Amino acid sequence: MERFGYKEISFSAVVAFFLIFPVIAAKEPYLLHILIIVAVYTTLVWGLDLLLDCALISCSQIAFWGMGSYTFALLTLKCGWNPWLALIGAGVVPTIMSALLSYSSVNLKTMYWCLFSLVFAVAFHEMLFVWRTFLGGAEGIRGIPKLPLVTSRTEWYYLAFFLLFLIGAVIHQLRGSRIGLILRGVRINEELARSAGISIIRCRLVCLVLANFFAGIMGGFFAAYTGALSPFNLELDAMFFLYVYLIVGGKGSLAGCLAGTALFIFIRELLGPLGIYMPVIYGTIVIIFVTLIPGGLVSLPQRFLSHFERVKAPT
Amino acid sequence: MKILEVKGLTKYFGGLAAVKNVDLSLEEGEVLSVVGPNGAGKTTFFNLISGFERPTRGQILFRNEDITNLPAHEIARKGLIRTFQANLTYGDLTVGENIMLGHYGTHRLNLIKEYLERPKRNRFIMDNTRRILNIFGLEQRNAEPAGSLPHGSMRSLEVGYAIAGEPKVLLLDEPVCGMSFSESTKMIETIREMMRQGVSSIMLVEHNMRTVMKYSDRVVVLSYGEKIAEGKPAEIAANPRVIEAYLGEGYVTS
Amino acid sequence: MMGILMDGLFNSITLILLSVGMVLVIGMLRIVNFAHGALYMVGSYVVWLVVGQRLIPLDNVYLGYSIGFILAVACVAGMGAVIERLLRPLKGGFLESFILTLGLILFLEGAMLVGFGIDEKTVPSLFAKTVTAIGFSLPQQRLFVLVVGIAIGGGLWVFLTKARIGIAMRAVAQELEGAALQGINIRYVGMLGMAIGCGLAAAAGALIAPVYTVNPYIGTGPVTKCFIVMVLGGIGSLPGAVLASFLVGFVEAISATFLGSGTAKLIVYFLLLVVMLIRPMGLYGGQEWVHR
């Protein structure tokens, strides 16, 4: 019963913190920028986590994010679309692409699907470099129009936070719903689910559509926010880092993914000058967490509490 | 009416025939046992019928509909539900949640409704879940994780899960394996009760000869993937080919 | 014409070493080792240390290189055994193993970065001249890679088809329980397979070291190509890996000659996407990778 209150309180505290943050950070607008980046990457990690519910290890989340960004840029620059509509379009295009790919791939088992998504991501990345005329090649795209009504950095921050909250709410509702229970079952015992008539394909498609749509929207947001795109943001390394954030923060938990992302983005900022040590440190952290703390950061309070309870009650 | 018909069912794994040219039919309202020494291909046979494996050759008709190449979940929705011998529950979920999940394959809603529904708020499913838990004596254990159940209760849960999908035909894979005499008698009684309540026919794979002899209407014997005998329990017990197949197993009939 | 043949062969041979190595590792561990490219990179680094940095002071470049090569393979094979130890308790989930290999990549790349700096390193070539023959010209160094690569490949083929342990290895890769029932010592064969698989990655890295430069990130390109080969040929399939390697190597060579290397890559990917859409489990991929 106590733990129930603990979750509610910490959630409210976190939300309050995010709301008040711009006031705290009034003197340092750069901090707002960092949090916006945290929000963007957190939604990507949430998408990955959602796919994990269906035993899908995706390597193309960043690619779909990039697809969203480029879609937004092209729709606004080349087709003159209203930026808000383009934002929706940025979500729709990757979803359609993913649906097309799923035509043959949705039945593949986990590891194979993972490689499939990896190869797609690499192919997409290459295409961005090579297709100079349409996509700007290595130089990328510049001069992307902003979203009307969003002018100051604080307003960008609130928009990012709003999207984050919205996406989080959608995923949270999903996990607490009938579909969520089905997903939990499917993840525990797939065969058993099939034997009762549950369609694994349907589960996978639901998660894929959601994850890719969110990635696309955040991609569009990112394009509007930064105003310029370059394929160098979409290297495979960035993709793998998402998994680092996920596992260290805690898979299966929205709060965990947020914590993990925030932690590493802050570390990256702090370690800026010591950048050369980053990969080794990251690598060591990952190896330690995977082998010793598989539940991630969010599982630590639980472990601590249960250890404490065991100590407290000797009889 | 033949509710299930199997014609020339064959499955090759590489060069090895696990099931070879098996013909079988299941009548409405009957209990059919599939027996045979270990490695006879009984589980593969179940997998083929229920859609978990694709046959190399042959045809499977369920209520006169060809289900040979359908995926497992579609076959289950049509009313043919199977149980498993091992790994039978959602271990981390509660007993109640296990039974609830049993409904979700057949009592489907559209995506939006399923997205909005809080599982515990669905009146029909909650009531039915309670009813099934009652039948199997699991109501007290409603909130326990399924993985912590004793073996007999776990098997009951598995059958309850299958029942939740409102099957017309149940394929039970060793339903009383590892149970005590009283537990298995209770289980068989419950299964017979099911037959009075909507399940039409039952096919079991079973090693326990006492159960087979006592409760089956008919018995089919498989050996090395082929059907070697079929008939009423008493005929089978006296069949020399059957005895020969079991030579060395040493079974005792009632 | 011959030029394309030679280029294609050169592309293919290193890819074959790398992908066969990966197939062996998949066969032993049942998971894809994403850090395979990092091992390839470490192989190059060891050769660089021995030959380029003169870690072992020898005047004879050929001897130095040979020692470097053997050392590279040995070190990485040893690493492979360690990795296998780390991965075994994680039988639980693909995710955990997958992320562990990602952690390894970061760790190895980072270690090389910290240890030896970010600049490109060069390993002096063994052969400076170029061979010009009927219709093609190929630097001797590349010819050397080709010859050694073919030799290793041939030796491997003999091992896997004729030697008892090699056959046992293939059995373990195909059917773990069946192999155990046959009395094959799975742990021993598993570790050996892992060592050989990783050793092959190191061999490829060691061979390529004098041809291009050495830096912490040279592993990503080859391992990506390796994945393409896996998807094309079918995960865990040896003939699939070899065939797909040839396919990729030659398509690249042909496209590069006529269209330039950027478009060449794109054509490989396009080919790949087509295959993926029609036959997602690859040329030799079994049904085990597809849900029913």
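All residue numbers refer to position in the chain's written sequence, counted from 1. Labels are handed out in written order, letters beginning with A for the chains and numbers beginning with 1 for the ligands. Per-residue local features are limited, in this predicted model, to residues with pLDDT of at least 70; the limit for side-chain atom pairs, both in listing and counting, is 80 or more; totals at the level of whole chains, interfaces and linings are taken over all residues. Hydrogen atoms and water are omitted, and side-chain values are computed over all heavy atoms in the structure.

## Things to note about the overall build of chain B
Tallying secondary structure elements over chain B gives ten helices and ten strands in all. Every radius of gyration here is taken over C-alpha atoms, with the globule rule written as 2.2 Å times N^0.38, N being the number of residues. Against the compact-globule benchmark of 18 Å for 254 residues, chain B has a radius of gyration of 18 Å, which places it among compact chains. Considering only residue pairs separated by 6 or more positions, chain B has 67% of its internal contacts joining residues 24 or more positions apart. In this tally, Asp and Glu contribute negative charge and Lys and Arg positive charge; neither His nor the terminal groups of the chain are included. Here the site of a charge means NZ on Lys, CZ on Arg, CG on Asp, or CD on Glu. Across chain B, the mean location of the 31 positive side-chain charges is 3 Å away from that of the 30 negative side-chain charges. Runs of E in the DSSP output that reach at least two residues are strands. Runs of H or I that reach at least four are helices, and both are numbered from the N terminus. Whether two residues are in contact is decided by their heavy atoms, any of which lying within 4.5 Å being enough.

## Concerning the interface of chain C and chain A
Across the contact, 41 residues belong to chain C and 41 residues belong to chain A. What counts as buried area is the accessible surface, traced by a 1.4 Å probe, that two parts surrender upon association, with contributions from both included. Approximately 4,300 Å² of surface area, both sides summed, lies buried where chain C meets chain A, with 82% of it carried by carbon and sulfur atoms. When a carboxyl oxygen of Asp or Glu is within 4 Å of a side-chain nitrogen of Lys or Arg, the pair counts as a salt bridge. Inspection of the region where chain C meets chain A yields one salt bridge. Here a polar contact is taken to be a pair of N or O atoms separated by no more than 3.5 Å, where protein atoms must pair a possible hydrogen donor with a possible acceptor and residues adjacent in sequence count only if both atoms sit in side chains. The interface formed by chain C and chain A holds two residue pairs in polar contact (both at pLDDT 80 or more) in total. Elements with a minimum of two residues in the side of chain C that touches chain A: α4 (94-116), α9 (220-233) and α11 (261-278) of chain C. Here the side of chain C that touches chain A gets 15 residues from one element, more than from any other, and that element is α4 of chain C. Gly is put with the polar residues, along with every residue not named as nonpolar or charged; the nonpolar set is Ala, Val, Leu, Ile, Met, Phe, Trp, Tyr, Cys and Pro, and the charged set is Asp, Glu, Lys and Arg. Of the residues contributing to the side of chain C that touches chain A, the split by class is 30 nonpolar, seven polar and four charged.

## Observations regarding the sheet that holds strand β3 (residues 31-35) of chain B
Sheets are built from strands paired through backbone hydrogen bonds, the pairs being either parallel or antiparallel. Residues and elements named next belong to chain B. The strand order across the open sheet formed by six strands is β6-β7-β8-β3-β9-β10, and the pairing between neighbours is mixed. Two strands bound the open sheet, and with one partner strand each, they are β6 (80-82) and β10 (226-231). Going from strand to strand, the sheet's axes swing by 15° on average, the running direction of each strand aside. When DSSP finds two or more bridges between two strands, those strands count as paired. Interaxial angle, 0 to 180 degrees, is taken between N-to-C directions of lines fitted to C-alpha atoms, where a helix line uses only the stretch in contact.

## Quick notes on the domain arrangement of chain B
All names here are of chain B. Each domain's extent was defined by an automatic or database domain assignment. Along its sequence, chain B is organised into domain 1 (1-79 + 167-254) and domain 2 (88-166). Look at where the C-alpha atoms of domain 1 and domain 2 centre, and you get two points 26 Å apart. Here domain 1 meets domain 2 over a buried area of about 1,300 Å², counting both sides, of which 65% is carbon and sulfur. When the area that domain 1 buries against domain 2 is broken down by residue, the three leading residues are Arg77, Pro167 and Met194, summing to 37%.

## Comments concerning the pattern of salt bridges
All names here are of chain A. Under the criterion given, the structure shown has 18 salt bridges over all chains. Between aspartate 49 and arginine 175 there is a salt bridge, with the nearest N and O atoms lying 3.1 Å from each other. Taken together, the residues aspartate 49 in helix α2 (residues 29-52) and arginine 175 in helix α7 (residues 153-176) connect sequence positions 126 residues apart. Exposure class is identical for aspartate 49 and arginine 175. Each is buried. A simple rule labels every residue: compare its accessible area, found with a 1.4 Å probe on the protein chains alone, to the largest value its type can have, and call it buried under 20%, exposed over 50%, or partly exposed in between.

## Thoughts on the nonpolar core
Joining through side-chain atoms within 4.5 Å is the link that ties buried Ala, Val, Leu, Ile, Met, Phe, Trp, Tyr and Cys residues into a set, and such a set is a nonpolar core. Core analysis: the biggest nonpolar cluster contains 223 residues, and Trp65 and Phe221 of chain A together with Phe34 and Phe98 of chain C have the highest contact counts within it. Counting residues in each nonpolar core, the second largest holds 29 residues, with Leu157, Ala162, Ala164 and Leu172 of chain B among its members.

## A word on the side chain of asparagine 189 of chain A
Position of asparagine 189 of chain A relative to the elements: it lies in the loop between α8 (178-188) and α9 (190-195). Overall, asparagine 189 of chain A belongs to the buried group, its relative accessible area being 4%. For asparagine 189 of chain A, the side chain forms a polar contact with the main-chain nitrogen of leucine 192 of chain A, separated by 3.2 Å. With residues near it in sequence (within four places) discarded, asparagine 189 of chain A still touches Asn87, Thr89 and Tyr90 of chain B.

## What to know about the interface of chain B and chain A
On the chain A side, the residues contacting the 38 residues of chain B number 24 residues. Taken together, the two surfaces of chain B and chain A that pack against each other cover about 2,900 Å², and 59% of this comes from carbon and sulfur. Summed over the shared surface of chain B and chain A, the result is four salt bridges. The interface formed by chain B and chain A contains twelve residue pairs in polar contact (both at pLDDT 80 or more). Elements supplying a minimum of two residues to the side of chain B that touches chain A: α2 (72-78), β6, α3 (95-104), α4 (111-116) and α6 (151-164) of chain B. When residues of the side of chain B that touches chain A are assigned to their parent elements, the largest contribution, five residues, is made by α3 of chain B. Of the residues contributing to the side of chain B that touches chain A, the split by class is 18 nonpolar, eleven polar and nine charged.

## Structural notes on the domain arrangement of chain A
Residue and element names in this part refer to chain A. Domain boundaries in chain A define domain 1 (29-234) and domain 2 (237-315). Computed from C-alpha atoms alone, the centre-to-centre distance between domain 1 and domain 2 is 23 Å. Opposite the 25 residues of domain 1 that make contact, domain 2 presents 18 residues. Here domain 1 and domain 2 share an interface that buries about 1,900 Å² over both sides, 79% of which is from carbon and sulfur atoms. Taken together, the links from domain 1 to domain 2 amount to zero salt bridges. Mapped onto the side of domain 1 that touches domain 2, the elements with two or more residues apiece are α2, α3 (61-77) and α7. Counting residues per element, the side of domain 1 that touches domain 2 draws most heavily on α2, which supplies 13 residues. Per-class residue counts for the side of domain 1 that touches domain 2 are 16 nonpolar, seven polar and two charged.

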